[in-house]
There are 2 protein chains.
Amino acid sequence: MHNVGFFVYPGHQLLDLAGPLAAFEAATQVAGPPLYGLEVLSRAGGLVRSSSGVPVATEPSRDANVNTLVISGGDIAPMLLPDETQAVARLASTTSRIASVCTGAFLLAEAGMLDGKRATTHWRMAHRLQRSYPAVEVDADKIFITDRNVWTSAGVTAGIDLALALIEADHGLELTRQVARELVVYHRRAGGQSQYSPVSQMEPESDRIRIALAFARDRLHEPLPIERLADAAHLSLRQFGRAFRRETGETPARAVERLRIEAARVRVQDGSEPVEAIAQAVGFTDPERMRRAFIKHYGMAPQAVRRIARQAGKPEVNSS
Amino acid sequence: MHNVGFFVYPGHQLLDLAGPLAAFEAATQVAGPPLYGLEVLSRAGGLVRSSSGVPVATEPSRDANVNTLVISGGDIAPMLLPDETQAVARLASTTSRIASVCTGAFLLAEAGMLDGKRATTHWRMAHRLQRSYPAVEVDADKIFITDRNVWTSAGVTAGIDLALALIEADHGLELTRQVARELVVYHRRAGGQSQYSPVSQMEPESDRIRIALAFARDRLHEPLPIERLADAAHLSLRQFGRAFRRETGETPARAVERLRIEAARVRVQDGSEPVEAIAQAVGFTDPERMRRAFIKHYGMAPQAVRRIARQAGKPEVNSS
């Protein structure tokens with residue numbers, strides 16, 4: 001039996017635990033014979049409050065016998081206390097595979113386990129992870145990343161995608177598809193997590209990068225090559241490209257495309273403007289480019305986005 | 001403050017609780033002032049084991065003061081014990097809004113709260129819900145359904161979609177979008193839950209409907225009007241249409257389309273056959289019809305499905 005240990009601490013996000021837990025549980029149900037032993041661990045054992053206030057019962061991590069260790073995300077300050085970091089480092093030294101959900105990557109980084117590795121975390125915290133741990137190569141636009149025996153995943157529900165990927169590595173495609181069906185999720189989500197995160201909520205460290213983003217946002221309908229953005233930031237092309245990437249986890253070109261898509265999506269969803277007019281207004285040179293960008297980011301064409309928004313505006317209601 | 005009470009029982013699915021809980025929790029974080037009071041309830045209070053074995057701490061339901069009641073799904077036998085049903089009926093009589101996640105609909109049905117209403121549940125259990133509670137109008141192909149003050153949702157992760165819809169009803173679109181971004185999920189998922197459920201796992205009650213489905217599966221490349229399927233089942237057109245709908249929650253035409261899409265998806269994902277050839281082989285009269293069906297069911301065109309499968313086959317690995 002392969003034992004999966006889930007490590008939590010005061011202020012952990014319950015969904016970061018429950019999502020992967022349900023996936024491993026379903027794998028065992030679907031397969032028949034029990035594939036995974038599941039236990040929830042904390043430093044000292046006993047009831048541990050989640051960020052929502054709901055406590056879960058845990059076992060002390062020092063007694064655990066774990067093959068795969070999964071660190072839940074949650075509030076960062078209590079997670080990074082030295083006692084927690086040491087408990088995880090001790091556990092990790094005995095496991096063959098280590099994974100984190102959401103901000104759980106901070107705990108792995110604090111314990112030095114991500115040094116020289118590629119990793120991801122919640123899109124809103126990616127720049128903070130990169131700044132705090134420069135030896136980690138943070139990529140904010142992945143649902144999950146594998147680097148050697150360390151798996152990190154994006155925010156909250158991405159923990160389910162991570163667990164599906166671990167199950168697929170252990171037991172193959174067909175079982176994993178069945179698990180995904182049980183949970184009513186896609187086996188493999190399209191795109192990275194940046195499709196869920198608005199560029200407008202990126203928080204670059206420096207004023208210069210913030211200025212460049214604001215400059216772009218005000219001129220979406222104009223051509224926005226990296227040279228113009230670097231000029232706006234008063235940086236050389238090379239300085240700008242590096243700083244932008246370091247602070248946002250994205251290239252300038254991708255960020256501009258996402259600004260355009262976000263602006264377009266609001267107009268596609270909420271209005272009745274022709275899609276062609278929207279494409280022009282937000283700076284896509286033609287509607288086909290906008291269509292491809294929508295499919296890449298949202299998994300569907302603008303017309304489908306509009307149709308869903310309309311259907312959702314008329315929900316399935318039988319009012320009496 | 002609007003109090004949301006989550007009702008659980010021995011054998012509940014922890015993800016059915018944690019998903020909606022995280023959404024209401026995030027709504028409060030995003031909004032600033034606390035919007036929702038959250039409590040986890042059970043009949044007697046205390047630690048209650050989830051289906052995974054992990055216990056959560058709960059309050060006794062009789063003391064609760066709840067505006068929205070959310071019933072988690074899970075193992076059906078312990079859920080339907082008379083004590084549990086009575087506790088829920090008592091709670092429900094004091095709340096303004098009642099919701100269920102996944103098989104939680106069985107508890108509402110058992111308490112008579114779904115009689116004469118439209119409702120949904122996990123796709124695998126929809127036919128059982130319909131058979132056990134004929135006074136409920138079950139629709140297996142929705143992510144969630146609202147009928148007057150009762151909201152039911154599809155399997156497991158659909159509880160997150162349900163919570164987002166409740167939050168949108170309370171606080172509007174913009175806040176709900178922000179909550180979805182925090183959780184890294186789509187604010188509104190495309191399509192119904194049938195996109196996640198294989199027709200091949202439908203379990204019609206009667207041999208005749210099973211025979212008709214098998215007949216269709218063997219002849220996907222031929223025209224399959226309802227008349228042919230009714231003949232195969234030795235039923236009149238009218239008897240067949242009704243029985244099919246009652247036992248599967250779908251129309252025969254939709255089921256045939258889904259059989260075709262499922263057959264196509266496997267070939268699109270796993271092989272390198274031209275999409276046109278696949279469309280023909282599974283009985284779509286032309287590739288454009290198959291493309292539209294893919295977008296309706298999976299939110300993306302066949303080419304995008306293939307691309308994702310290929311990318312996933314080469315995961316983000318930095319092997320050492």
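If you look chain A up in an unreviewed UniProt entry, it shows as AraC family transcriptional regulator from Acetobacter nitrogenifigens DSM 23921 = NBRC 105050.

Enquirer: Hey, could you go over the nonpolar core for me, with residue numbers and the actual values?
Expert: Counting 74 residues, the largest nonpolar core has A:Phe24, A:Ile167, A:Val179, A:Leu183, B:Phe24 and B:Leu183 as its most contacted members. Every residue in contact with A:Leu183, bar those within four places of it in the chain, is listed here: A:Ala22, A:Ala23, A:Ala26, A:Ile160, B:Gly155, B:Val156 and B:Thr157.

Enquirer: Which residues make up the relation of the copies chain B and chain A, and what are the values?
Expert: In the superposition of chain B on chain A (RMSD 0.1 Å, axial shift 0.0 Å), the rotation amounts to 180 degrees. Classification of the inter-copy transformation places it as that of a two-fold axis.

Enquirer: A description of the domain arrangement of chain A should follow, citing residues and the corresponding values.
Expert: All names here are of chain A. Looking at chain A, the domain boundaries give domain 1 (2-194) and domain 2 (198-312). In this structure, domain 1 and domain 2 have C-alpha centres spaced 31 Å apart. At the interface, nine residues of domain 1 touch 13 residues of domain 2. Summing both partners gives a buried area of about 950 Å² for domain 1 against domain 2, and 47% of it is carried by carbon and sulfur. Our count for the contact surface shared by domain 1 and domain 2 stands at one salt bridge. Arg254 serves as the salt-bridge partner of Asp141, at 2.4 Å between the closest nitrogen and oxygen. Counting across the domain 1 and domain 2 interface gives one residue pair in polar contact (both at pLDDT 80 or more).

Enquirer: Kindly report on the pattern of salt bridges, identifying the contributing residues and their values.
Expert: Tallied over the full model, the rule gives 30 salt bridges over all chains. With a shortest N-O distance of 3.6 Å, A:Glu288 and A:Arg292 are connected by a salt bridge. In this pair, A:Glu288 and A:Arg292 are both assigned in helix α13 (residues 287-298), four residues apart and thus about one turn of the helix distant. For A:Arg292, a relative accessible area of 49% puts it in the partly exposed group. As a salt-bridge pair, B:Asp139 and B:Lys142 come within 3.1 Å of each other at their nearest N and O atoms. Overall, the relative accessible area of 9% leaves B:Asp139 in the buried class. Among the charged side chains, a network of salt bridges with common partners joins A:Arg118, A:Glu137, A:Asp139 and A:Lys142.

Enquirer: Explain the side chain of A:Gln269 to me, and be specific about the residues and the numbers.
Expert: By secondary structure assignment, the location of A:Gln269 is in helix α11 (residues 252-270). In contact with A:Gln269, not counting residues within four places along its chain, are A:Val305, A:Ala309 and B:Arg177.

Enquirer: Can you tell me about the interface of chain B and chain A, naming the residues and giving the values?
Expert: The accessible area lost on association of the parts is a frequent measure of interface size. Listed per partner, the contact involves 67 residues of chain B and 66 residues of chain A. Across the chain B to chain A interface the summed buried area is about 5,800 Å²; carbon plus sulfur atoms make up 56%. Run the count over chain B and chain A and you get two salt bridges. A salt bridge links A:Glu182 to B:Arg124; the nearest nitrogen and oxygen atoms lie 2.7 Å apart. At the junction of chain B with chain A, the criterion picks out 18 residue pairs in polar contact (both at pLDDT 80 or more). Residue assignment for the side of chain B that touches chain A shows that the elements contributing at least two residues are α1 (14-31), β4 (55-60), β9 (144-147), α7 (173-183), α11 (252-270), α13 (287-298) and α14 (302-313) of chain B. In terms of residue count, the dominant contributor to the side of chain B that touches chain A is α1(B) (seven residues). Per-class residue counts for the side of chain B that touches chain A are 33 nonpolar, 18 polar and 16 charged.

Enquirer: Requested: an account of the packing of aromatic side chains, with residues and values cited.
Expert: Per the counting criterion, the structure on display carries 10 aromatic pairs over all chains. Summarising the aromatic geometry, the rings of B:Phe106 and B:Tyr133 are spaced 6.3 Å apart at their centres and angled 75 degrees between planes, so their arrangement reads as edge-to-face. Taken together, the positions of B:Phe106 in helix α4 (residues 104-110) and B:Tyr133 in the loop between α5 (126-132) and β8 (137-138) put the pair 27 residues apart, joining distant regions of the chain. By relative accessible area, which is 2% here, B:Phe106 ends up buried. A relative accessible area of 12% places B:Tyr133 in the buried class. Between B:Phe240 and B:Phe244 the ring centres are 5.6 Å apart and the planes differ by 50 degrees, which places this aromatic pair in the tilted class. In this pair, B:Phe240 and B:Phe244 both sit in helix α10 (residues 237-248), four residues apart, roughly one turn of the helix. Taking relative accessible area as the criterion, B:Phe240 reaches 0% and is therefore assigned buried. The class of B:Phe244 is buried, set by a relative accessible area of 2%. Pairwise contacts between aromatic rings join A:Phe6, A:Phe24 and A:Tyr36 into one cluster.

Enquirer: Could you give me a rundown of the side chain of A:Thr95, with the residues and numbers involved?
Expert: Residues and elements named next belong to chain A. Looking at the element boundaries, Thr95 is found in the loop between α3 (82-92) and β6 (97-100). On the accessibility criterion, Thr95 (10% relative accessible area) is buried. Among the polar contacts listed, one links the side chain of Thr95 to the backbone oxygen of Ala92, at a separation of 3.2 Å. Among residues more than four places away in sequence, those in contact with Thr95 are Val66, Asn67 and Leu69.

Enquirer: Residues and numbers for the pairing of strand β10 (residues 150-153) of chain B, please.
Expert: All names here are of chain B. Burial along β10 is two-sided: the residues Val150 and Thr152 and Trp151 and Ser153 are all buried. Bridge count between strand β6 (residues 97-100) and β10: three bridges; the pairing is parallel. Bridge pairing in β10 links Ala99 to Trp151. As paired elements, β9 and β10 share four bridges and run antiparallel to each other. Residue pairing across strands places Phe144 opposite Ser153, the latter belonging to β10. In this antiparallel pair of consecutive strands, β9 and β10, the connection spans two residues, and Arg148 shows a positive phi of 50 degrees.

Enquirer: So, the UniProt feature "domain: HTH araC/xylS-type" (unreviewed entry) in chain A: which residues are in play, and what are the values?
Expert: UniProt's feature table lists "domain: HTH araC/xylS-type" (unreviewed entry) at residues 210-308 of chain A, given in the numbering used throughout. Helix makes up 74% of residues 210-308 of chain A and strand 0%, whereas the separation of the span's terminal C-alpha atoms amounts to 33 Å.

Enquirer: Residue-level account of the environment of B:Leu107, with values.
Expert: Residues and elements named next belong to chain B. Locating Leu107 in the fold gives a position in helix α4. In sequence terms Leu107 and Ala18 are 89 residues apart; their C-alpha atoms lie 19 Å from each other. When residues no more than four places from it in sequence are discounted, the contact partners of Leu107 are Phe7, Tyr9, Ile71, Met79, Leu80, Glu84, Thr85 and Val88.

Parameters and conventions
Residues numbered from 1 in each chain as written. Chains lettered and ligands numbered in written order. Predicted model: local features only at pLDDT ≥ 70, side-chain atom pairs only at ≥ 80, totals over all residues. Heavy atoms only, no water. Core = buried A, V, L, I, M, F, W, Y, C linked by side-chain atoms within 4.5 Å. Buried < 20%, exposed > 50% of the residue type's maximum accessible area, 1.4 Å probe, protein only. Contact = heavy atoms within 4.5 Å. Least-squares fit on C-alpha atoms with pLDDT ≥ 70 in both. Domains from an automatic or database assignment. Buried area = accessible area lost by both parts, 1.4 Å probe. Salt bridge = Lys/Arg side-chain N within 4 Å of Asp/Glu carboxyl O. Polar contact = N/O pair within 3.5 Å; in protein donor to acceptor, adjacent residues only side chain to side chain. Helix = DSSP H or I, 4+ residues; strand = E, 2+ residues; numbered from the N terminus. Nonpolar A, V, L, I, M, F, W, Y, C, P; charged D, E, K, R; others polar. Phe/Tyr/Trp six-rings, centres within 6.5 Å; stacked < 30°, edge-to-face > 60°. Pairing = 2+ DSSP bridges. UniProt positions renumbered as here; feature names shortened; annotations may be inferred.

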